[in-house]
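Next come the chains, spelled out residue by residue.
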There are 2 protein chains.
Amino acid sequence: MHDPSHTNPEPDFAALRERAFNLRWATVAPDVIPLTAACPDLPVARAVTDAIAHYIAKPHLCYGPACGLPAFREAVAQHFAREKSAAVDAARVIATNSAASAIALVARHLLRAGDEVVVQDPVDFLVAESARRAGATLRFWKPDANGRFTLDGLRAAVTPNTRALSVCHPHNPLGTLWSAEEVAEIAGFARERGIALISDEVWSDVLLDGARLASFAGVSPAAWVVYGLSKGYALAGLRIGAVIAPDARAAEEFAAAQGFDHTIEGAATVSQIAATAALDHCGAWRANFLAHCTAQRDRAIAHLRTLDGVRIERAPQATFVLFADISRTGIAEDVLAARIEQHARVRVVPGSPRWFGAGAAGHVRLSLATTRGVLDEALARIERAWPAVTAR
Amino acid sequence: MHDPSHTNPEPDFAALRERAFNLRWATVAPDVIPLTAACPDLPVARAVTDAIAHYIAKPHLCYGPACGLPAFREAVAQHFAREKSAAVDAARVIATNSAASAIALVARHLLRAGDEVVVQDPVDFLVAESARRAGATLRFWKPDANGRFTLDGLRAAVTPNTRALSVCHPHNPLGTLWSAEEVAEIAGFARERGIALISDEVWSDVLLDGARLASFAGVSPAAWVVYGLSKGYALAGLRIGAVIAPDARAAEEFAAAQGFDHTIEGAATVSQIAATAALDHCGAWRANFLAHCTAQRDRAIAHLRTLDGVRIERAPQATFVLFADISRTGIAEDVLAARIEQHARVRVVPGSPRWFGAGAAGHVRLSLATTRGVLDEALARIERAWPAVTAR
């Protein structure tokens, strides 16, 4: 399974079978390849584990500061300034127990029961779920015929009662990316309408083909931005993310209201140390990783397009997932996914309303952040099994 | 500052000045000794850092299971069976992002706005705050003339509308401990009245004079128990705690309702690995630590009782904090604490209503989990400064 085309080290699959939960290696039958939850199979960068080892060499694991270690907050701020066209002050950054925790807390902070919130459809489960858990009523922003979320679609979704807009940027599962101009337009529209803006940017480190992202943290007035290191640096188990508040004062109010000042909320210091090392020292690791993700995407698309009933109209510009339209097979997405597992011994994520919204019907999602060898094997298995999978 | 009377290694004070936040070394002036937040100055056990190092040697930091690593859940269950007279099944245990997070989640899970909850007064801030954040109305269980929380006091606090009782066991800041019989009585009373029971047992690993604790997790029907490793194993920065639900089904419902199944909640895997090592392999470390805490308590009590206007009627049976009655100085607790810092260059925690409830007035709290040398220096400074501190 060695892949000479990238320099990230090879995964230890025995370790993954012990450790990779959330629909992945530790949770599937031994002969099943999980192209499921969006967490890379690749080992983390050496600088990350070195930083943890260096930290624990002094065996004091004391309370960290309420809103995060100064070095972590500064690293996130500089990362956004350097890579995401957003001049973020560290005082706006609050370390959170994962990006998932961050979006749930932001939704709880901004929304009250009955508030109307616009979310994309389809979209990652947590964007809608965080609003639902805050008691909000959802309205849906549908993509246009080209699979893009445009201002026209947003205008059609918003009502005079809309209180907030929660977006996924870049978009999971479609892999679309807004230009800096589109980001400014969307933010401007929200401002005019007095709509609060939440931007889930957990995928913003996974840009393909050298694309650049403009964060909603850089527009004025800034959105509430959610960030995390599970996708771009493979740190899912460390549960480290951040909220970037619109300004320093909003950050303080958020920290007080949501329990950070009372140790109810917060992120483990060791996780912050690891994340800081990732942001400060792992640019080369990530460049290799992104080149690998781009190659994996191209291989998967070329392969899947040969299958009867599968359409992939546009290559994703971001993320390491592929959202394949299987509607022409005439088989429901959950049935098809179950048949792929049964006949090909590959698990994919069905585009169920539960996970991605009603707009995901007729699709399955494949995560490609594994080795070239594992992906090739999975694609070959799917191709061989396709007649059985799609038999009527 | 070497202390030959115990075998825990010496603290690295330079590291503490960089790392120990939450009112401690990293937050005070360089010449101030912080006897404040309840987190030991002592280094963690070698087995803890060894376990982290062993884990990261395989550099896969993947998603853990929603409710915690099986080894962690089993370690907590066995720890409660071994030490706290509670036969707990691992299926009842859910790993949380600190004990503070745990009590807030349990309160949110059990309570609705307007519910009446009985809490002790005084009591640790988080017991009352978690109920308040869930929208509850508080009623207060007062200690008797001997400083103990008895069934008579509980009967006086409860009304027909009481929905829940939230207790701190052992009690912070009083250091009192209920016997197994008292635990059974309190649980029986709650059962008769149909009152849900929450027991904050974050201090249950810090028992002095060889005392034993009976957990509310072992009574029937069991309480919701909150546990953490910040006090007994000095792991505050790792933010690792647990909820022990009354039964496996309640644990599942809690995990689904509070977002564990969706990665919104959960604990970092590295923190769980460290905590598992602490519970499984650090019995000798903790025995030394507890012997040290007992000696520190005795030294502090003997010393503080010589000061005009200070009363310590009962030695704490548990915790490494001392709650000194300073009411006879005639000076309010916050003023006295500020004067101790000003004149003695020692910071203590005032018994403010904000931190411990109205019943804490006239007290200051001192945390003693530092070296003998640092404690002796702090006590000597307080003694020298006492005339200036208490001047009218």
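In this text the structure is predicted, and so the values were computed from the model without any measurement. (Residues numbered from 1 in each chain as written. Chains lettered and ligands numbered in written order. Predicted model: local features only at pLDDT ≥ 70, side-chain atom pairs only at ≥ 80, totals over all residues.)

**A look at the overall build of chain A**
Operational definition: The helix count covers DSSP runs of H or I at least four residues long, the strand count covers runs of E at least two residues long, and both are numbered beginning at the N terminus. Taken over C-alpha atoms, the radius of gyration is set against a globule rule of 2.2 Å times the number of residues to the power 0.38. Any residue whose C-beta has 12 or fewer other C-beta atoms within 10 Å is treated as exposed, any with 20 or more as buried, and any in between as partly exposed, C-beta atoms being built from the backbone. Contact between two residues is assigned whenever their backbone-derived C-beta positions fall within 7 Å.
When its secondary structure is counted, chain A shows 13 helices and 12 strands. Over its C-alpha trace chain A gives a radius of gyration of 21 Å, about what one expects of a compact globule, namely 21 Å for 392 residues. Across the 392 residues of chain A, 58% fall into the buried class. Within chain A, residue pairs in contact and separated by at least 24 positions form 72% of the contacts whose partners lie at least 6 positions apart.

**Observations concerning the pairing of strand 6 (residues 196–200) of chain A**
Residue and element names in this part refer to chain A. For clarity, the threshold we go by: A pair of strands counts as paired when DSSP detects no fewer than two bridges linking them. A right-handed crossover is one whose linking path, passing over the helix from the first strand to the second, runs clockwise when the strands point away from the viewer.
When you tally the buried positions in strand 6, you get 5 out of 5 residues, the bulk of the element. On strand 6, burial covers both faces: Ala 196, Ile 198 and Asp 200 on one face and Leu 197 and Ser 199 on the other are all buried. Pairing analysis gives 5 bridges linking strand 5 (residues 162–168) to strand 6, with the strands arranged parallel. Paired with Ala 164 across the bridge in strand 6 is Ala 196. In this fold, the crossover linking strand 5 to strand 6 by way of helix 7 (residues 180–193) has right-handed handedness. In this structure, strand 6 lies alongside strand 7 (residues 224–228), joined through 3 bridges in parallel fashion. Looking at strand 7, one finds that Ser 199 is bridged to Val 225.

**Here's the deal with the domain arrangement of chain A**
Residues and elements named next belong to chain A. Keep this limit in mind: Domain start and stop points were drawn from an automatic or database domain assignment. Gly is placed with the polar residues, together with every amino acid not listed as nonpolar (Ala, Val, Leu, Ile, Met, Phe, Trp, Tyr, Cys and Pro) or charged (Asp, Glu, Lys and Arg).
As assigned here, chain A comprises domain 1 (13–44 + 283–389) and domain 2 (63–281). For domain 1 and domain 2, the distance between their C-alpha centroids amounts to 25 Å. Contacts between the two partners involve 27 residues from domain 1, matched on the other side by 30 residues from domain 2. Broken down by element, the side of domain 1 that touches domain 2 gets its largest block of residues, 5 residues, from helix 10 (residues 283–304). The residue makeup of the side of domain 1 that touches domain 2, split by class, is 16 nonpolar, 6 polar and 5 charged.

**Here's the deal with the pairing of strand 8 (residues 241–244) of chain B**
Residues and elements named next belong to chain B. What you see with strand 8 is no split at all: Gly 241 and Val 243 on one side and Ala 242 and Ile 244 on the other are buried throughout. The sheet contact formed by strand 7 (residues 224–228) and strand 8 spans 4 bridges and is antiparallel. For Val 225, the partnering residue across the bridge sits in strand 8 and is Ile 244.

**Section: the nonpolar core**
Quick reminder of the rule: Nonpolar core, as used here: buried Ala, Val, Leu, Ile, Met, Phe, Trp, Tyr and Cys residues forming one set through C-beta atoms within 7 Å.
Counting 292 residues, the largest nonpolar core has Leu235(A), Ala274(A), Leu235(B) and Ala274(B) as its most contacted members. Residues in contact with Ala274(B), not counting those within four places in the same chain, are Val48(B), Ala51(B), Ile52(B), Leu235(B), Leu238(B) and Ile240(B).

**Some words on the interface of chain B and chain A**
Taken together, the 48 residues of chain B in the interface contact 48 residues of chain A. When contributions to the side of chain B that touches chain A are tallied by element, the ones reaching two or more residues are helix 1 (13–19), helix 2 (46–56), helix 4 (99–110), helix 5 (125–133) and helix 9 (269–281) of chain B. Looking at the side of chain B that touches chain A, the element that brings in the most residues is helix 2 of chain B, giving 4 residues. Partitioning the side of chain B that touches chain A into residue classes produces 27 nonpolar, 14 polar and 7 charged.

**Here we look at the environment of Arg354(B)**
Residues and elements named next belong to chain B. You can see Arg 354 is positioned in helix 12 (residues 353–356). For Arg 354, a count of 11 C-beta atoms within 10 Å corresponds to the exposed category. Distance from Arg 354 to Leu 307, taken between C-alpha atoms, is 26 Å for residues 47 residues apart in sequence.

**Here's the deal with helix 11 (residues 333–344) of chain A**
Residue and element names in this part refer to chain A. Test applied: For a helix, the expected span equals 1.5 Å multiplied by the number of residues minus one. The reported arc concerns the directions from the helix axis to the C-beta atoms and nothing else.
Taking 1.5 Å of rise per residue, the 12 residues of helix 11 would be expected to cover 16 Å, and the 15 Å separating its terminal C-alpha atoms lies within 8% of that figure. Looking only at helix 11, the buried set comprises Glu 333, Leu 336, Ala 337, Ile 340 and Ala 344. Seen from one end, helix 11 has its buried residues packed into an arc of 100°, which puts them on one side. Away from the buried face of helix 11 by more than 90 degrees, exposed residues Val 335 and Gln 342 are located. As for helix 11, its buried residues are in contact with strand 10 (346–347), strand 11 (349–350), strand 12 (363–367) and helix 13 (372–389).

**So, the packing of helix 2 of chain B against helix 9 of chain B**
Residues and elements named next belong to chain B. To be explicit about the condition: Fitted lines through C-alpha atoms give the axes, limited to the stretch in contact for helices. The angle between two N-to-C directions lies from 0 to 180 degrees. Here is the rule for angles: anything less than 35 degrees is roughly parallel, anything more than 145 is roughly antiparallel, 65 through 115 is roughly perpendicular, and the remaining ranges are oblique. The hand of a helix crossing depends on one turn: near helix anticlockwise from the far one by less than a right angle means left-handed, and clockwise means right-handed.
Between helix 2 and helix 9, the least distance of the axes is 8 Å, while the angle of their chain directions is 140°. The orientation of helix 2 with respect to helix 9, classified from their angle, is oblique. The handedness of the crossing between helix 2 and helix 9 comes out as right-handed. The segment helix 2 lies against helix 9, with Ala 47, Val 48, Ala 51, Ile 52 and Tyr 55 engaging Val 270, Ile 273, Ala 274, Ala 277, Ala 278 and His 281. Split into classes, the residues belonging to the contact of helix 2 with helix 9 amount to 10 nonpolar, 1 polar and no charged.

**Concerning the relation of the copies chain B and chain A**
Selection criterion: Overlaid copies result from least-squares superposition on C-alpha atoms, with residues included only where pLDDT is at least 70 in both.
For the pair chain B and chain A, the superposition axis carries a translation of 0.0 Å, the fit reaches an RMSD of 0.0 Å, and the rotation angle comes to 180°. Taken together, these values place the two copies in the relation of a two-fold axis. No C-alpha of chain B approaches the rotation axis more nearly than that of Ala53(B), which lies at 3.2 Å. A high fraction, 100%, of the interface residues of chain B reappear at the interface in chain A, so the copies pair face to face through one surface.

**Section: the environment of Trp203(B)**
Residues and elements named next belong to chain B. Looking at the secondary structure, you find Trp 203 in the loop between strand 6 (196–200) and strand 7. In this structure, the C-alpha to C-alpha distance between Trp 203 and Trp 355, residues 152 residues apart in sequence, is 17 Å. With residues up to four places along the chain from it excluded, the contact list for Trp 203 reads Pro 170, Asn 172, Lys 231, Ala 318 and Thr 319.

**A short note on unusual backbone geometry**
Working note: non-glycine residues mostly have negative phi, and peptide bonds are mostly trans. Residues and elements named next belong to chain A. Going from Ser 220 to Pro 221, the amide bond is cis rather than trans, its omega being -5°. Counting through the fold element by element, Pro 221 comes out in the loop between strand 6 and strand 7. The residue Arg 345 is not glycine, and still its phi comes out positive at about 55°. Along the polypeptide, Arg 345 turns up in the loop between helix 11 and strand 10. Accessibility expressed as a C-beta count within 10 Å gives 18 for Arg 345, which makes it partly exposed.

**Quick word on the packing of helix 11 of chain A against helix 13 of chain A**
Residue and element names in this part refer to chain A. Where helix 11 meets helix 13, the axes come as close as 9 Å, and the angle between the chain directions of the two elements is 120°. The chirality of how helix 11 crosses helix 13 is right-handed. Residue-level contacts link Leu 336, Arg 339, Ile 340, His 343 and Ala 344 of helix 11 to Arg 381, Ile 382, Ala 385, Ala 388 and Val 389 of helix 13. Its residues assigned to classes, the contact of helix 11 with helix 13 comprises 7 nonpolar, 1 polar and 2 charged.

**Details of the confidence of the model for chain A**
Residue and element names in this part refer to chain A. Threshold: The score called pLDDT rates the predictor's confidence residue by residue, from a low of 0 to a high of 100.
Looking at chain A, pLDDT values average 96 and 98% of them are 70 or higher. Per-residue pLDDT stays below 50 along residues 1–6; that stretch engages in 12 contacts with residues further than four places along the chain or on separate chains. The ipTM for the predicted assembly is 0.96, set against a pTM of 0.97.

**With respect to the environment of Phe254(A)**
Residues and elements named next belong to chain A. Take Phe 254: it is sitting in helix 8 (residues 248–257). Through-space distance from the C-alpha of Phe 254 to that of Arg 163 is 18 Å; in sequence the pair is 91 residues apart. If we skip the residues at most four places from it in the chain, Phe 254 touches Ile 94, His 109, Val 243 and Ala 245.

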